[in-house]
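# Examination of the molecular architecture
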Amino acid sequence: MGLQPKGATVRGQILLGKDDIQAMAPRARRRLNGQRVSLISQDALSALNPCTTVGYQIAEVLMVHRGVAKQEAMARAVELLSLTGIPAPSERVNHYPHQFSGGMRQRALIAIALALEPELLIADEPTTALDATIKAQILTLLASLRERFGMSILLITHDMGAVARLADRVLVMYAGQAMEVGDVASVFARPEHPYTRALLESMPRLDKHGALLEAIPGTPPSPSEVAHGCPFQPRCAFAGDICREQMPPAVERSNGGHVACHFALREMNYA
Amino acid sequence: MLSLVHSNDSIKPRSEIPLLETSDLTKTYSIGGGMFYEPLQLQAVSGVSIRVEKGRTLGIVGESGCGKSTLSRMLAGLTPPTSGSILLDGCDVTGLPNAERKRVLRDVQMVFQSPYSSLNPRMRVAEIVREPLDVHMRSLSKKERDERALSILNRVGISREMARRYPHQLSGGQQQRVGIARALVSEVRLVICDEPVSALDVSVQAQVINLLRELQRSLGVAYIFVSHDLAVVANISDDIAVMYLGKVVEYGRAEDVLQRPRHPYTQALVDSANIPDPVLEKSRKPRILTGEIPRPTDPPSGCRFRTRCWMAQDRCAVEVPALVRRGNSPQAVACHFA
Ligand SMILES: Nc1ncnc2c1ncn2[C@@H]1O[C@H](COP(=O)(O)OP(=O)(O)O)[C@@H](O)[C@H]1O
Ligand code: SF4
Ligand SMILES: [Mg+2]
């Protein structure tokens, strides 16, 4: 399954997305990191250096990677803070991370990530630790920055609503395996993998409040469990004998993309 | 005094005395302070008046720090209120002597966010669930108490075999089932669930929500269901109270609050909930609040929401809006202009 960078989304075993980058040779990785690809993580507090000002942390990226002089780099830091919606950026630039709220730290982290104008921004659970109204701010910010910088976003999240809002394509993962990939409108409207479908059906949604949820039975496997066949098989309503024995190959979805299921739910199942 | 929610024209027909009713419930914490400093006053819960009907669910939603857990703990008798009253069956429990209050509040149990840390790690599941009976129902024989514990465990989907295990041998979802069984094992009438699914894997949350709904249907127990997640609260609640910085800003029947939110904060909260429908999500323009929640030790004067409100006027900085109903509106709103 090819991973499409343009607004693509990974969910499930989120570490895999990171591992891909970490598996590279250290030198290649360092060159990639920040120059063409930037990462923002869920835990903004530990991603920021507590001992230097937020402004310097942005400027430092420009000084190290682009050889920009300090004064100019600091001026750019103010611009970047302003771009990410931080009020009074020329004061904020001299503040330390602990003086920022959770939402502000996430914005500061985005500002650092944007300093080198990456082609790809990897956002690893960027809203998970945030409150609802702040999460809405950050998602809107990411969407507008994507337009402005013409960059792609790889959003790693367990939040299907955030995927619906931000992503063009989606890759659904379970227990470290790719289950389904495709255009987000098609995957959400006509999921062909039983896991995708079950996940969507089990989610409480505001537009259908009060509706009984279709719960997925069982629990996610622990990372140490090695499945022979399909990892979702123990919890799957459609599983047959073959699912226990063989990992299903990825086959094409009816509306583009791929699905890895022996009994992929084709168009007719939706009749 | 303006007519508050719990006065004559309440949200639901006033057929009988509600199971639980609070009036102006307030909790103030003193934080910091020392020899040379005045301690800061933090009003975690400020003048909250809610009511819970028998066998129904009141959802309480709001962002972190708005006072949901403090309110929950006061209602469960775990934290004494600074002022205000809690009426159980019309009887004010805040005024009762300690022993009497404990006896009355036995009907009210709590389910916590973190299932593991709320279960004794050195006890087997069956013992954990039996414990409340060992304390309060000594009239039953040991065998009867065992049977009762196993029977409620069975109802929440924990087998006899699993009941012999220790909490750490169970998954998060199973631990939460045990927490629910423990809350329901004695003759409980109100269960306060404080973020009961927030710590669980998304694929397991629906199991626990459905279980709570099923148990309510069969046991007739009432819930106060607390969560920061509006979609989760919306799924299970008959009524919803929306909190912001310690205050209830909107209160009414779930469908009214969700479909016709009137307080600007509720409107923003409804808008910020993403629906897993890519076409809808990409076409709608959600109202995005500016700024962040102010420090609770220094809340804005007047309306606490005014620093983030797009409708705020001068009056909002001086006058605290009361939670009232206007005209024929079915829900109560604390806003001068809603
Ligand atoms: N024991 C305590 N001492 C001092 N402040 C507290 C205490 N418990 C809660 N608070 C404060 O009260 C406010 C409300 O907290 P809480 O009830 O936990 O909110 P929520 O559950 O909605 O996140 C927060 O500002 C919190 O820091
Ligand atoms: S009272 Fe004023 S500040 Fe508060 S919500 Fe209403 S309009 Fe906004
Ligand atoms: Mg809480």
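It should be noted that the structure appears before, not after, this text.
Attention in this report is confined to the structure presented alongside it. No experiment lies behind these values; they were computed from the predicted model shown.

All right, on to the packing of helix α3 (residues 125-136) of chain B against helix α6 (residues 172-184) of chain B then. Think of two packed helices as two axes; the pair is described by the angle between the axes and how far apart they sit. Residue and element names in this part refer to chain B. Two numbers describe how α3 lies on α6: the axes approach to 7 Å, and their chain directions differ by 25 degrees. Considered as vectors, α3 and α6 are oriented roughly parallel to each other. Crossing handedness for the pair α3 and α6: right-handed. Each of V125, I128, V129, E131 and P132 in α3 lies in contact with α6, whose residues at this interface are V178, A181 and R182. Of the residues assigned to the contact of α3 with α6, the class counts are 6 nonpolar, no polar and 2 charged.

If you look at the interface, chain B gives 41 residues, while chain A gives 46 residues. Counting each side, the surface lost to burial between chain B and chain A is near 3500 Å², with a carbon and sulfur contribution of 61%. Sorting the residues of chain B by area buried against chain A places N274, P276 and E292 of chain B first, and these three jointly supply 19% of that buried surface. Counting the contacts that link chain B with chain A gives 18 residue pairs in polar contact (both at pLDDT 80 or more). Elements with a minimum of two residues in the side of chain B that touches chain A: α7 (202-219), α8 (230-236), α9 (254-259), α10 (264-272) and α11 (278-283) of chain B. The dominant element in the side of chain B that touches chain A, judged by the number of residues it contributes, is α7 of chain B, at 8 residues. Residues of the side of chain B that touches chain A, tallied by class, amount to 20 nonpolar, 11 polar and 10 charged.

Turning next to the side chain of E195 of chain B. Residues and elements named next belong to chain B. By secondary structure assignment, the location of E195 is in the loop between β8 (190-194) and α7. Buried E195, no salt bridge; nearest opposite-charge side chain is K68, N-O distance 4.1 Å. A polar contact is formed between the side chain of E195 and the side chain of H228, at a distance of 2.9 Å. In this view, E195 contacts K68, Q113, V226, S227 and H228; residues no more than four positions away in its chain are not counted.

For the rest of this paragraph, the subject is the site of ligand 1. All names here are of chain B. Within the structure, ligand 1 sits among 13 residues, and G65, G67, K68, S69 and T70 are positioned closest to it. In the model, an oxygen atom of ligand 1 is placed 3.3 Å from a nitrogen or oxygen of the C66 main chain. K68 places a polar main-chain atom, nitrogen or oxygen, 2.9 Å from an oxygen atom of ligand 1. Out of a free accessible area of 560 Å², ligand 1 has 64% covered by protein chains. Only β1 (20-31), β2 (40-48) and α1 (68-75) provide two or more residues apiece to the shell around ligand 1. For the shell around ligand 1, a count of residues per class yields 6 nonpolar, 5 polar and 2 charged.

This brings us to the site of ligand 2. Among the 13 residues in the neighbourhood of ligand 2, the closest are listed as C303, C309, C316, C335 and H336 of chain B. Of the residues in the shell around ligand 2, the class split is 10 nonpolar, 2 polar and 1 charged.

To continue, consider the packing of aromatic side chains. How two aromatic rings sit relative to each other is given by the distance of their centres and the angle of their planes. Under the counting rule described, the total for this entry stands at 6 aromatic pairs over all chains. An aromatic cluster is built from Y174, Y195 and F232 of chain A, whose rings are joined through pairwise contacts. The cationic tip of R92 of chain A hangs over the ring face of F100 of chain A; the distance from NZ or CZ to the ring centre is 4.9 Å. The ring centre of F337 of chain B lies 5.9 Å from the NZ or CZ of R315 of chain B, which sits over that ring.

Another point: the nonpolar core. Membership of the largest hydrophobic core comes to 67 residues, with the highest contact counts inside it found for L153, V178, I180 and V191 of chain B. Here the element with the most residues in this core is α7 of chain B; it accounts for 7 residues.

Quick look at the sheet that holds strand β4 (residues 57-61) of chain B now. All names here are of chain B. Reading across from one edge, β7-β8-β9-β4-β10-β11-β12 is the order of the 7 strands in this open sheet, with mixed pairing throughout. Strands with a single pairing partner mark the edges of an open sheet, and in this sheet they are β7 (108-111) and β12 (332-333). In this sheet, β12 lies alongside strand β11 (residues 247-253) in antiparallel orientation, the contact comprising 2 bridges. Within β12, the position partnered with Y251 by the bridge is A332. Against the sheet, α7 engages β4, β8 and β9 (222-227), with an angle of about 160 degrees to β9. Of the strands in this sheet, β4, β10 (239-244) and β11 touch α10, which is tilted by about 105 degrees from β10.

How each quantity is defined
Residues numbered from 1 in each chain as written. Chains lettered and ligands numbered in written order. Predicted model: local features only at pLDDT ≥ 70, side-chain atom pairs only at ≥ 80, totals over all residues. Heavy atoms only, no water. Axes fitted to C-alpha atoms, helices over the stretch in contact; angles between N-to-C directions. Helix = DSSP H or I, 4+ residues; strand = E, 2+ residues; numbered from the N terminus. Parallel < 35°, antiparallel > 145°, perpendicular 65-115°, else oblique. Left-handed = near helix turned anticlockwise from the far one by under 90°. Contact = heavy atoms within 4.5 Å. Nonpolar A, V, L, I, M, F, W, Y, C, P; charged D, E, K, R; others polar. Buried area = accessible area lost by both parts, 1.4 Å probe. Polar contact = N/O pair within 3.5 Å; in protein donor to acceptor, adjacent residues only side chain to side chain. Buried < 20%, exposed > 50% of the residue type's maximum accessible area, 1.4 Å probe, protein only. Lys, Arg positive; Asp, Glu negative; His and termini not counted. Salt bridge = Lys/Arg side-chain N within 4 Å of Asp/Glu carboxyl O. Near = heavy atom within 4 Å. Areas by Shrake-Rupley, 256 points an atom, 1.4 Å probe, with all protein chains shown as cover. Phe/Tyr/Trp six-rings, centres within 6.5 Å; stacked < 30°, edge-to-face > 60°. Lys NZ or Arg CZ within 6 Å of the ring centre and 35° of its normal. Core = buried A, V, L, I, M, F, W, Y, C linked by side-chain atoms within 4.5 Å. Pairing = 2+ DSSP bridges.

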